[in-house]
Amino acid sequence: MEQKIYEIVKLLSDKKAQDIVVLDISKLTIIADYFIICSASNVQHVKAIVDEIEEKEPVHILRVEGKESFRWVVIDFGDIILHIFHEKEREFYNLERLWIDAQKVEIAAL
(Lines give C-alpha, C1' and ligand atoms only; values in the text may rest on other atoms or scores of the structure.)
Protein backbone atom coordinates (compact mmCIF):
# COMPACT_ATOMS: atom_id res chain seq x y z
CA MET A 1 0.00 0.00 0.00
CA GLU A 2 2.78 2.43 0.89
CA GLN A 3 4.32 1.94 -2.57
CA LYS A 4 1.03 2.84 -4.26
CA ILE A 5 0.66 5.97 -2.14
CA TYR A 6 4.27 6.92 -2.81
CA GLU A 7 3.81 6.59 -6.59
CA ILE A 8 0.69 8.77 -6.57
CA VAL A 9 2.27 11.39 -4.30
CA LYS A 10 5.40 11.44 -6.49
CA LEU A 11 3.33 12.20 -9.60
CA LEU A 12 1.42 14.90 -7.73
CA SER A 13 4.66 16.44 -6.56
CA ASP A 14 6.17 16.29 -10.05
CA LYS A 15 3.15 18.24 -11.35
CA LYS A 16 3.53 20.83 -8.58
CA ALA A 17 0.36 19.90 -6.69
CA GLN A 18 0.10 21.95 -3.52
CA ASP A 19 -0.53 20.99 0.11
CA ILE A 20 -0.50 17.23 -0.43
CA VAL A 21 -2.05 15.39 2.51
CA VAL A 22 -2.48 11.64 3.02
CA LEU A 23 -5.14 10.51 5.49
CA ASP A 24 -5.53 6.97 6.80
CA ILE A 25 -9.30 6.51 6.94
CA SER A 26 -9.25 2.71 7.20
CA LYS A 27 -10.56 2.65 10.78
CA LEU A 28 -13.33 5.17 10.05
CA THR A 29 -15.04 3.88 6.91
CA ILE A 30 -15.22 1.03 4.44
CA ILE A 31 -15.15 3.24 1.33
CA ALA A 32 -11.34 3.26 1.16
CA ASP A 33 -8.21 2.94 3.27
CA TYR A 34 -6.62 6.26 2.33
CA PHE A 35 -7.54 9.69 1.03
CA ILE A 36 -4.91 11.69 -0.77
CA ILE A 37 -5.84 15.36 -0.98
CA CYS A 38 -4.08 18.09 -2.93
CA SER A 39 -4.70 21.52 -4.41
CA ALA A 40 -4.00 23.30 -7.65
CA SER A 41 -3.98 27.04 -8.23
CA ASN A 42 -6.30 27.07 -11.25
CA VAL A 43 -8.49 24.88 -13.45
CA GLN A 44 -5.70 24.30 -15.99
CA HIS A 45 -3.42 23.08 -13.21
CA VAL A 46 -6.10 20.68 -11.94
CA LYS A 47 -6.52 19.36 -15.49
CA ALA A 48 -2.75 18.94 -15.93
CA ILE A 49 -2.53 16.92 -12.71
CA VAL A 50 -5.50 14.73 -13.70
CA ASP A 51 -4.05 14.18 -17.19
CA GLU A 52 -0.72 13.11 -15.68
CA ILE A 53 -2.35 10.66 -13.27
CA GLU A 54 -4.49 9.17 -16.05
CA GLU A 55 -1.56 8.94 -18.45
CA LYS A 56 0.90 7.37 -16.01
CA GLU A 57 -1.76 5.47 -14.01
CA PRO A 58 0.52 4.59 -11.08
CA VAL A 59 -2.29 2.43 -9.69
CA HIS A 60 -5.23 1.00 -11.65
CA ILE A 61 -7.98 3.64 -11.87
CA LEU A 62 -11.52 2.44 -11.22
CA ARG A 63 -13.37 5.71 -11.75
CA VAL A 64 -12.85 9.43 -12.31
CA GLU A 65 -15.44 12.09 -11.42
CA GLY A 66 -15.38 15.88 -11.79
CA LYS A 67 -13.76 16.34 -15.17
CA GLU A 68 -16.68 18.47 -16.36
CA SER A 69 -15.42 21.52 -14.46
CA PHE A 70 -11.99 20.52 -13.08
CA ARG A 71 -12.80 22.24 -9.78
CA TRP A 72 -12.80 19.02 -7.69
CA VAL A 73 -11.74 15.81 -9.38
CA VAL A 74 -11.97 12.50 -7.55
CA ILE A 75 -9.92 9.55 -8.78
CA ASP A 76 -10.89 6.22 -7.26
CA PHE A 77 -8.15 3.60 -7.09
CA GLY A 78 -10.25 1.30 -4.88
CA ASP A 79 -8.37 1.37 -1.58
CA ILE A 80 -7.07 4.89 -2.27
CA ILE A 81 -9.20 7.89 -3.24
CA LEU A 82 -7.42 10.93 -4.65
CA HIS A 83 -9.06 14.36 -4.34
CA ILE A 84 -7.60 17.06 -6.59
CA PHE A 85 -9.08 20.43 -5.68
CA HIS A 86 -9.01 23.91 -7.10
CA GLU A 87 -7.75 25.75 -4.03
CA LYS A 88 -11.04 27.63 -3.46
CA GLU A 89 -13.04 24.38 -3.45
CA ARG A 90 -10.58 22.77 -1.09
CA GLU A 91 -10.96 25.64 1.32
CA PHE A 92 -14.76 25.48 1.07
CA TYR A 93 -15.19 21.70 1.46
CA ASN A 94 -12.30 21.29 3.93
CA LEU A 95 -12.12 17.48 3.86
CA GLU A 96 -9.37 17.51 6.45
CA ARG A 97 -11.84 19.01 8.94
CA LEU A 98 -14.60 16.58 7.95
CA TRP A 99 -12.20 13.66 8.47
CA ILE A 100 -10.55 15.15 11.56
CA ASP A 101 -10.41 11.71 13.23
CA ALA A 102 -8.33 10.28 10.37
CA GLN A 103 -4.67 9.66 11.04
CA LYS A 104 -2.41 11.88 8.96
CA VAL A 105 0.31 9.90 7.17
CA GLU A 106 3.70 11.54 7.01
CA ILE A 107 4.62 11.71 3.35
CA ALA A 108 8.34 11.93 4.05
CA ALA A 109 8.13 8.57 5.83
CA LEU A 110 6.84 6.77 2.72
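For clarity, every value in this text was computed on a predicted model and none was experimentally measured.

(A) Representation of the confidence of the model for the protein. Considering every residue of the protein, the mean pLDDT works out to 94; 97% of them sit at 70 or more. No element of the protein has a lower mean pLDDT than helix α4 (residues 95-98), at 91, and none a higher one than strand β4 (residues 72-76), at 98.

(B) Spatial organisation of the pattern of salt bridges. Applying the stated rule across the entire model yields 8 salt bridges. D14 is the salt-bridge partner of K10, the closest N and O atoms lying 2.9 Å from each other. With a gap of 4 residues between them, K10 and D14 both fall in helix α1 (residues 2-14), about one helical turn apart. A relative accessible area of 39% means that K10 is categorised as partly exposed. Since its relative accessible area comes to 43%, D14 is described here as partly exposed. Of the charged contacts in the structure, one is a salt bridge between K67 and E54, with a shortest N-O distance of 3.0 Å. You can see K67 sitting in the loop between β3 (63-65) and β4 and its partner E54 sitting in helix α2 (residues 43-56), a full 13 residues away along the chain. Taking the relative accessible area as the measure of exposure, K67 reaches 33% and is therefore partly exposed.

Rules and cut-offs
- Chains are numbered independently. Their residues run from 1 in the order of the written sequence.
- In view of the model being predicted, local features appear only for residues whose pLDDT reaches at least 70, and side-chain atom pairs are presented and counted only at 80 or more, with totals across whole chains, interfaces and linings using the full set of residues.
- Side-chain numbers here rest on the full set of heavy atoms in the structure, without hydrogens or water.
- For every residue, the pLDDT score states the predictor's confidence, bounded by 0 at the bottom and 100 at the top.
- Helix and strand assignments come from DSSP, with helices taken as H or I runs of at least 4 residues and strands as E runs of at least 2, each series counted from the N terminus.
- Just to be clear on terms, a salt bridge is a Lys or Arg side-chain nitrogen sitting within 4 Å of an Asp or Glu carboxyl oxygen.
- Any residue under 20% of the maximum accessible area for its type is buried, any over 50% is exposed, and the rest in between are partly exposed; the area is computed with a 1.4 Å probe on protein chains only.

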